[in-house]
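Coordinate inspection notes
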Amino acid sequence: EKYRHEDDTNPNWKKHKKHVFIMSSAGKPIFTRYGDEEKLNPIYGVMCSLVNFVSEQGDTLRCIYAGNHKIAFLVRGPVFLVMASRTGEPSAHLTRQLQFLYTQLVSILTRKGLEHVFRRRHGFDLRNLLGASGEQFLSNLTSSMDAHKLSSALPLQTSLSYLLGAPSCLRLPVTARQSVNKALLSVKNRKLTYAVLIAGHKLVQFVRPRKTALWAEDLLIIINLINSSTSFRTSEGSWTPLCLPLYSPDANVFAYICFLSKYGAPDVCLVFISSSDDEFFNLSNSKHSVALQLQESSALGQIQYALRRPSFSIGEVESGGYGVARDVHHFVYVSTAVNQLVAPSFSPPYTDKRLQQQLLRAYQEAHWRLHKRNRNERMQFVVSNSHSMLVWVDRDLELFVTLGALTSRGLALAACSRCFVGA
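This report concerns the structure included in the present document. All of these numbers come straight from a predicted model, not from anything done at the bench. (Residues numbered from 1 in each chain as written. Predicted model: local features only at pLDDT ≥ 70, side-chain atom pairs only at ≥ 80, totals over all residues. Heavy atoms only, no water.)

Moving on, we come to helix H4 (residues 111-120). The α-helix advances 3.6 residues per turn, and as a result positions three or four apart in sequence lie on the same side. Listing the buried residues of H4 in full gives Leu-114, Val-117 and Phe-118. Down the axis of H4, the smallest arc covering the buried residues is 85°, so these residues share one side. Exposed side of H4, more than 90 degrees from the buried face: Lys-112, Arg-119 and Arg-120 are the residues found there. Buried residues along H4 sit in contact with strand E1 (18-24), strand E2 (29-32), strand E5 (79-85), helix H3 (91-109) and helix H5 (127-145). (Buried < 20%, exposed > 50% of the residue type's maximum accessible area, 1.4 Å probe, protein only. Helix = DSSP H or I, 4+ residues; strand = E, 2+ residues; numbered from the N terminus. Arc of directions from axis to C-beta. Contact = heavy atoms within 4.5 Å.)

Another aspect to go through is the packing of aromatic side chains. Taken as a whole and assessed by the stated rule, the structure comprises 12 aromatic pairs. Here Tyr-194 and Tyr-247 contribute two aromatic rings whose centre-to-centre distance is 5.8 Å and whose plane-to-plane angle is 70°, an arrangement assigned as edge-to-face. Separated by 53 residues along the polypeptide, Tyr-194 in strand E6 (residues 192-199) and Tyr-247 in the loop between strand E8 (238-242) and strand E9 (253-260) bring together distant segments of the chain. The exposure class assigned to Tyr-247 is partly exposed, which follows from its relative accessible area of 32%. Both rings, one in Trp-239 and one in Phe-254, keep their centres 5.9 Å apart while their planes meet at 10°; by these two values the pair is stacked. (Phe/Tyr/Trp six-rings, centres within 6.5 Å; stacked < 30°, edge-to-face > 60°.)

Tracing the backbone through its elements, the reader meets Leu-197 in strand E6. The class for Leu-197 is buried, based on a relative accessible area of 0%. Between the C-alpha atoms of Leu-197 and Glu-279, which are 82 residues apart in sequence, the distance is 18 Å. Contacts of Leu-197, omitting those with residues within four sequence positions, involve Val-180, Leu-203, Val-204, Gln-205, Leu-260, Val-268, Cys-269, Leu-270, Leu-294 and Ile-303.

Right, let's talk about the pattern of salt bridges for a bit. All chains considered together, the criterion is met by 13 salt bridges. Notably, a salt bridge pairs Asp-125 with Arg-127, separated by 2.9 Å at the nearest N-O pair. A residue is classified by how much of its surface remains accessible, and Asp-125, at 16% relative accessible area, is buried. What emerges from the salt-bridge pattern is a single network uniting Lys-18, Arg-33, Glu-89, Asp-146 and Arg-361. (Salt bridge = Lys/Arg side-chain N within 4 Å of Asp/Glu carboxyl O.)

On to a positive patch on the surface. Among the surface-exposed residues, Lys-188, Arg-208, Arg-210 and Lys-211 lie close enough to one another that they form a single positively charged patch. Along the chain, Arg-210 falls in the loop between strand E7 (202-207) and helix H8 (216-226). When its relative accessible area of 79% is taken as the criterion, Arg-210 is described as exposed. (Patch = residues over 30% accessible without salt bridge, like charges linked within 9 Å, V, L, I, M, F, W, Y side chains within 5 Å. Areas by Shrake-Rupley, 256 points an atom, 1.4 Å probe, with all protein chains shown as cover. Lys, Arg positive; Asp, Glu negative; His and termini not counted. Charge placed at Lys NZ, Arg CZ, Asp CG, Glu CD.)

This next bit is on the nonpolar core. Ile-22, Val-79, Leu-81, Leu-101, Leu-105, Leu-114 and Leu-126 are the most contacted members of the largest nonpolar core, which totals 29 residues. Listed by contribution, the elements that provide at least two residues to this core are E1, E2, strand E4 (69-76), E5, H3, H4 and H5. Considering each element in turn, this core owes the most residues, 8 residues, to H3. In this structure, Leu-101 is in contact with Val-20, Ile-22, Leu-81, Met-83, Leu-138, Leu-141, Thr-142 and Met-145, ignoring residues within four places of it in sequence. Of all hydrophobic cores here, the second largest spans 28 residues; its members include Leu-170, Ala-195, Val-207 and Ala-299. (Core = buried A, V, L, I, M, F, W, Y, C linked by side-chain atoms within 4.5 Å.)

These figures capture arrangement, not role.
Right, here's the structure in full:
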């Protein structure tokens with residue numbers, strides 16, 4: 001909820017733990033997470049002045065530390081993004097979230113479009129172009145990045161996807177995934193850039209041309225797009241221009257979006273991406289073909305079932321007959337080769353959402369240490385009062401394993417090996 005009635009004089013506005021502000025370089029408001037942009041105009045002016053003042057000194061303002069607050073800044077051409085937080089997250093992760101918000105902004109208007117608008121009119125009000133739908137995309141993205149909040153109904157893995165820059169994958173039987181892949185490949189043609197099947201906030205499968213990558217950030221933008229508007233769910237097929245910033249930041253592609261409610265899978269969405277603007281009817285026929293194949297192979301029913309049931313548990317991850325549940329409380333496995341992640345459901349002691357929130361913070365800290373400048377360790381072992389964590393990095397993976405606070409490094413390594421083989 002945006003709480004439009006609140007402003008900086010309202011005590012409730014100040015109670016929010018994280019604020020997001022997006023503005024033009026002229027100080028014109030574009031977006032705020034809480035409150036009404038017009039009522040917060042003085043704050044926008046102060047933040048814009050700070051950025052410009054530091055810039056005039058030949059430097060870049062990155063972060064301000066004020067008590068338990070961190071205020072992160074990101075400048076992208078004519079757009080300034082600011083995040084004020086007292087959540088304890090590392091400043092690098094606040095900046096990462098701002099980058100996702102900028103990527104979402106570019107996906108709506110393209111980078112070239114943004115620069116052109118402000119080159120013509122420095123004080124242009126970008127909200128006129130974004131409209132209600134653009135604001136909803138940005139609001140939904142901020143909520144998804146904070147899915148670990150106690151009030152959030154979203155699964156915590158949604159936050160992990162943005163934290164680690166890798167979509168979460170839906171666990172399926174091998175035969176079902178093969179059926180999905182075969183169905184998507186059957187409609188592949190030279191005018192179809194990507195075909196993506198999504199269930200909820202999770203990736204099921206995608207196909208792409210051999211020499212054309214589908215970047216994780218672009219995929220997360222697509223997932224946010226389809227989950228931001230109820231109109232996609234009620235339509236038999238929507239056709240919308242979309243910019244995929246890592247694929248082509250200055251141009252639009254065209255997305256055919258359809259939830260497969262008509263085929264008995266209301267939470268499964270099929271997305272076709274094409275560079276041609278006249279492919280709607282062809283892609284509509286392709287959608288029907290894919291949906292029928294998924295029905296006939298029973299893959300669609302298995303996707304719906306997998307989406308409703310909890311993720312796999314730690315106890316299911318075994319190797320050589322030795323379960324890992326005795327030592328491992330939780331883990332996150334990221335395949336950096338394909339930029340996708342998998343994590344089990346939460347088990348004791350992480351059954352309480354407040355403890356899950358603390359665990360996410362621990363993963364953020366571990367990820368920050370792992371990618372800190374001039375750090376090249378392949379393995380880290382950190383012990384706190386509540387847990388120990390082993391981080392294992394290889395050429396194609398990043399593995400974050402949470403264990404009991406009294407677990408030794410040797411036992412952690414053994415458990416980590418079992419996790420790795422099992423995953």
